[in-house]
Amino acid sequence: MSVSELKERHVAASETVNNLRERLKQKRLLLLDTDVAGYARSQGRTPITFGPTDLVCCRTLQGHTGKVYSLDWTTERNRIVSASQDGRLIVWNALTSQKTHAIKLPCAWVMTCAFSPSGQSVACGGLDSVCSIFNLNSPTERDGNLPVAKMLSGHKGYVSCCQYVPDEDTHLITSSGDQTCVLWDISTGLRTSVFGGEFQSGHTADVLSVSISGSNSRMFVSGSCDATARLWDTRVASRAVRTFHGHEGDVNTVKFFPDGNRFGTGSDDGTCRLYDIRTGHQLQVYYQQHGDNEVPTVTSIAFSISGRLLFAGYSNGDCYVWDTLLAKVVLNLGSLQNSHEGRISCLGLSADGSALCTGSWDTNLKIWAFGGHRRVI
């Protein structure tokens, strides 16, 4: 077969695939008879009234000398771990702004960090394809640095995200540029399960984010550069439980809804979306029109305790607070005094829901506190 014939067949096959993809998209749209916002309006739900004084920047955490890439809160509310391009993990006391640990990493190219449920250890990973565990109670070495307690090696690509299994210090899940997620047994340093890779139902591009269900720790979702999110059951590693379509760009971040029956996503296409894991349907799209052609990408998301608010960080420095029921922006933290001066790269809500922390390429973290009757939403 000649090269020209191969090219013709390739063009024809690509056209067929695109046609089938469009037909699938139209079929999904026909199944979506309404969305959360439409149903809420039909029930006469009133929008949240939210002003700048309800959420204020009460503290700026300064100490990193490079872009902040990731952060995580402890379950007891008052400590935060952050990872930066400066090659360090810093553990902060969120109430006093003091640094309790400054950990120099074996590999400076860190992309993710996480606190263990007990708060006794932290995990991080990055371009070295390894997830490193540090025990915060370990004695420091001669140079004053904290030694690595365990190195979880096995990924063939960068480690993009790590999260401990709730209520367990012994297991965590990582996502990677090798198109897989892995469940690790930290005590042995071995892989318990691999999700994706050679399996046909796995992701077909880099996996960027994972989120474990708070109500069922056996279930987790992953987001990928293949523009999909996938639901996994740790007891059945051979195939994804469900694949969620809708995004038209990389899915940079995923986060379970508080009830565990839904999850949110954020993407390079500038949208956040809400999905139902039971039906596989898309429930809502959160998108703000912009005057210019530049559509800022969504880098990170978090839900309030009740799920009524969705916090979304963007590449242009905006941080929108969405009313999840009515799909309306009720506040933009990026427009407030003392806001970040660069890309919002990560954010997270304290365990009790009373404070939001945002991290940015401006090297700072900021803590935003809810005031008065809005202490927990």
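Residues numbered from 1 in each chain as written. Predicted model: local features only at pLDDT ≥ 70, side-chain atom pairs only at ≥ 80, totals over all residues. Heavy atoms only, no water.

A.B. asks: I'd like a description of the overall build of the protein, backed by residues and values.
C.D. replies: Each helix and strand counted, the protein has two helices and 28 strands in total. In summary, the protein has a C-alpha radius of gyration of 21 Å against a globular reference of 21 Å for 377 residues, a match within 12%. Dimensions of the protein, computed from the C-alpha atoms along their principal axes, are close to 65 × 55 × 40 Å. Out of the 377 residues in the protein, the part that is buried amounts to 53%. Long-range pairs, those at least 24 residues apart, make up 48% of the contacts in the protein with a sequence separation of at least 6. Carbon and sulfur atoms make up 49% of the accessible area of the protein, which totals about 17,200 Å². Charge-centre separation for the protein: the mean point of 35 positive side chains lies 3 Å from the mean point of 35 negative side chains. (Helix = DSSP H or I, 4+ residues; strand = E, 2+ residues; numbered from the N terminus. Rg over C-alpha atoms; globule rule 2.2 N^0.38 Å. Buried < 20%, exposed > 50% of the residue type's maximum accessible area, 1.4 Å probe, protein only. Contact = heavy atoms within 4.5 Å. Areas by Shrake-Rupley, 256 points an atom, 1.4 Å probe, with all protein chains shown as cover. Lys, Arg positive; Asp, Glu negative; His and termini not counted. Charge placed at Lys NZ, Arg CZ, Asp CG, Glu CD.)

A.B. asks: Would you mind going over unusual backbone geometry in detail, with residue names and values included?
C.D. replies: Unlike most non-glycine residues, Asp 167 shows phi in positive territory, near 65°. Relative to the helices and strands, Asp 167 is located in the loop between β10 (159-164) and β11 (171-176). In this structure, Thr 363 is a non-glycine residue whose phi angle is positive, near 80°. Considering the arrangement of structural elements, one finds Thr 363 in the loop between β27 (355-360) and β28 (365-370). Classification of Thr 363 as partly exposed rests on a relative accessible area of 22%.

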